[in-house]
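Inside the fold
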Amino acid sequence: MRYTPKGNKEHVSVSCICLIFSAFILLTFSPLTDTSSFMRNLFRMSGYTLLVATTLIVARYLTFTYTYILDDFEFIIVKSSINKKQTVCRLYFSDIVEICEAKNNTKTKPATRHNYCASLMPDKAYLLFYRFDDNEGVITFEPDFCFLKELEKRIKNDIILD
């Protein structure tokens with residue numbers, strides 16, 4: 001079973017427009033201020049930092065897509081760009097400890113965290129807690145209802161299907 005979430009491009013677009021506008025204001029008006037050279041340089045560095053943040057957001061949320069796959073005995077996440085596909089996660093069902101909704105989570109997050117959401121601010125994100133050897137981690141992803149139910153069924157029963 002496969003599922004590719006549709007990313008919400010509106011959140012990314014609005015965030016990028018706000019960041020670019022803020023960077024433009026900081027870079028344009030920093031030389032016009034009557035403050036010290038330290039403050040002018042601080043405004044400029046803040047503007048450049050906002051431009052870098054915009055570039056990173058565009059690169060992360062507009063150029064990549066994620067596909068979630070339920071194989072015979074494992075959960076796989078594939079990261080795709082225009083020219084390249086790369087498997088970024090491969091977990092056996094027996095390694096998965098728990099799945100819960102991200103908004104209702106009260107459990108502490110382990111040190112190893114991965115975000116494989118297609119949206120900047122997903123409506124329904126889930127946390128998948130896993131234990132692999134002695135390492136614990138959590139994966140944030142956004143499956144649809146059918147995919148989530150099938151994943152929970154396979155984890156619970158640890159059955160082999162395709």
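Details of the structure are given in the entry above.
What this report covers is the structure whose coordinates are included nearby. (Residues numbered from 1 in each chain as written. Predicted model: local features only at pLDDT ≥ 70, side-chain atom pairs only at ≥ 80, totals over all residues. Heavy atoms only, no water.)

**Considering the overall build of the protein**
When its secondary structure is counted, the protein shows three helices and eight strands. Along the protein, helices (α) and strands (β) appear in the sequence β-α-α-β-β-β-β-β-β-β-α when read from the amino end. Relative to the globule expectation of 15 Å for 162 residues, the C-alpha radius of gyration of the protein, 20 Å, shows a markedly less compact shape. Here the C-alpha coordinates of the protein stretch approximately 70 × 35 × 25 Å along the principal axes. Within the protein, the proportion of its 162 residues that are buried is 33%. Residue pairs at least 24 apart in sequence account for 58% of intrachain contacts in the protein once pairs closer than 6 positions are excluded. Carbon and sulfur atoms form 58% of the exposed surface of the protein, whose accessible area is close to 10200 Å². Within the protein, one finds 20 positive and 18 negative side-chain charges whose respective centroids are separated by 7 Å. (Helix = DSSP H or I, 4+ residues; strand = E, 2+ residues; numbered from the N terminus. Rg over C-alpha atoms; globule rule 2.2 N^0.38 Å. Buried < 20%, exposed > 50% of the residue type's maximum accessible area, 1.4 Å probe, protein only. Contact = heavy atoms within 4.5 Å. Areas by Shrake-Rupley, 256 points an atom, 1.4 Å probe, with all protein chains shown as cover. Lys, Arg positive; Asp, Glu negative; His and termini not counted. Charge placed at Lys NZ, Arg CZ, Asp CG, Glu CD.)

**Details of the side chain of Thr140**
Checked against the element boundaries, Thr140 lands in strand β8 (residues 135–141). Contacts of Thr140, omitting those with residues within four sequence positions, involve His114, Asn115, Tyr116, Cys117, Ala125, Tyr126 and Leu127.

**Some points on the packing of aromatic side chains**
All chains considered together, the criterion is met by nine aromatic pairs. Ring centres of Tyr3 and Tyr68 lie 6.4 Å apart, and the angle between their planes is 35 degrees; this geometry places the pair in the tilted category. With Tyr3 in strand β1 (residues 2–3) and Tyr68 in strand β2 (residues 65–70), this residue pair connects regions lying 65 residues apart in the sequence. Given the relative accessible area of 0%, Tyr68 is considered buried. (Phe/Tyr/Trp six-rings, centres within 6.5 Å; stacked < 30°, edge-to-face > 60°.)

**Observations regarding the packing of helix α1 (residues 9–29) against helix α2 (residues 37–61)**
In contact at an axis separation of 8 Å, α1 and α2 are set at 160 degrees when each is read in the N-to-C sense. Viewed along their axes, α1 and α2 adopt a mutual orientation that is roughly antiparallel. The handedness of the crossing between α1 and α2 comes out as left-handed. Where α1 abuts α2, its residues Lys9, Val12, Cys16, Leu19, Ile20, Ser22, Ala23, Leu26 and Leu27 lie against Phe43, Arg44, Ser46, Gly47, Tyr48, Leu50, Leu51, Ala53, Thr54, Ile57, Val58 and Tyr61. (Axes fitted to C-alpha atoms, helices over the stretch in contact; angles between N-to-C directions. Parallel < 35°, antiparallel > 145°, perpendicular 65-115°, else oblique. Left-handed = near helix turned anticlockwise from the far one by under 90°.)

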